[in-house]
Amino acid sequence: MKTVRSAPQPGKSRLTTSAMIASIAAEGQKTKPAPFGHALVELARSRPDVVGMTADLGKYTDLHIFAKEFPDRYYQMGMAEQLLFGAASGLAAEGFMPFATTYAVFASRRAYDFIHQTIAEEVRNVKIVCALPGLTSGYGPSHQAAEDLALFRAMPNMTVIDPCDAHETEQLVPAIATHQGPIYMRLLRGQVPVVLDEYDYKFELGKAKLIRDGKDVLIISSGIMTMRALEAVQTLTNDRVDIAVLHVPTIKPLDAGTILREASKPGRLVVVAENHTTIGGLGEAIAALLMRSGVHPPFRQIALPDEFLDAGALPTLHDRYGISTAEVARQIKLWL
């Protein structure tokens, strides 16, 4: 495994692999611990059909919180992701609502066929909740799920969600429980930043939300890139660039009406920002929507490259691959 080491700069310490699994939160940023785990416990208090399942990763998907509260409704399936999702399908067929957790790479690559055949085709009510989405791990291609959205977008009957922060995660857990059918949800675990509470944000399944308006650039983003976009606004405002941010947590189905309405406003550069490869994710979904609808704004994409990514410290990798706050601001200024 390669280790990425950034060249030391005056006044800055060298970032090495000690930061490979560091929190995505900036220093001093407000966070909440394990929002998914706590929200699932609250949901389960009123929903006896909710069960928690994992493949030897309860501690690393925050499901251990559920296990402690509801040990009789917790299923540890061992390091066997295909078994995990097959069993989840079976429990759903008997009327339970499994929340099945693992790493995004294991669900999207190791168990894809089992999810496809036993959950999606049968329209089973399984909530697939996966940690380390996109570039949120420094452990190289074996743990970086840079293509998970593309894979699950292509799966019929699958709803796909990419939340921004702890505030949204707490809201979406009870929201997805009201949806009958399979859902793939990216998971932010551990100490998760809290951002959207400052914007009076409310998650609605299938809806995009305009977080802030602006006349020069429209950033359409999902997941942690909405957080990065809002951070970049501060830098760009100092340069007299007025930025709108449209958060799209539901990748499939897209909120076509809201996206087309905002992208149709004249005089704005449209930039799609996502923590995912340029292939098959939010950027290509929106580009196709705009083309089919006859809407043709100036269009750019901030995304991970179509390649196997390096291992190393997350701050270094986010700079290298263009998804850090500084890089988001720099690229937008360059395009303008």
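One structure accompanies this document, and this report is about it. These numbers were taken from a predicted model, which means no experiment stands behind them. (Residues numbered from 1 in each chain as written. Predicted model: local features only at pLDDT ≥ 70, side-chain atom pairs only at ≥ 80, totals over all residues. Heavy atoms only, no water.)

## What about the packing of aromatic side chains?
This is how the line gets drawn: Here the aromatic set is Phe, Tyr and Trp, taking the six-membered ring for Trp, and pairing holds for ring centres within 6.5 Å; pairs whose planes are under 30 degrees apart are stacked, those over 60 apart are edge-to-face, and all others are tilted. Runs of H or I in DSSP of at least four residues are treated as helices and runs of E of at least two as strands, each being numbered from the N terminus.
All told, the structure shown has five aromatic pairs when counted by the stated rule. With 6.4 Å between their ring centres and 40° between their planes, Phe-36 and Phe-99 make a pair best called tilted. A residue pair is termed long-range when its members are at least 10 positions apart, and Phe-36 in helix α1 (residues 35-46) and Phe-99 in strand β4 (residues 97-103) qualify at 63 residues. Ring pairing ties together the aromatic residues Tyr-112, Phe-152 and Tyr-184, which thus form one cluster.

## With respect to the sheet that holds strand β9 (residues 209-212)
To keep it simple, the criterion reads: Any two strands with at least two DSSP bridges between them are considered paired. Interaxial angle, 0 to 180 degrees, is taken between N-to-C directions of lines fitted to C-alpha atoms, where a helix line uses only the stretch in contact.
Read from one edge of the open sheet, five strands run β9-β11-β10-β13-β14, paired in mixed fashion. On the outer flanks of this sheet lie β9 and β14 (299-304), each paired with one strand and no other. Mean inter-strand twist for the sheet, computed between neighbouring axes without regard to direction, equals 25°. Pairing analysis gives three bridges linking β9 to strand β11 (residues 243-247), with the strands arranged antiparallel.

## Side note on the pairing of strand β7 (residues 183-187)
For clarity, the cut-off: Residue burial is assigned from relative accessible area. The probe radius is 1.4 Å, only protein chains are included, and a residue is buried under 20% of its type maximum, exposed over 50%, and partly exposed in between.
Counted residue by residue, β7 has five buried out of five residues, so it is predominantly covered. Covered by surrounding structure in β7 are Ile-183, Met-185 and Leu-187 together with Tyr-184 and Arg-186, the residues of both alternating faces. Summarising the sheet, strand β5 (residues 127-131) and β7 pair through five bridges and their orientation is parallel. When the bridges of β7 are listed, Ile-128 appears paired with Tyr-184.

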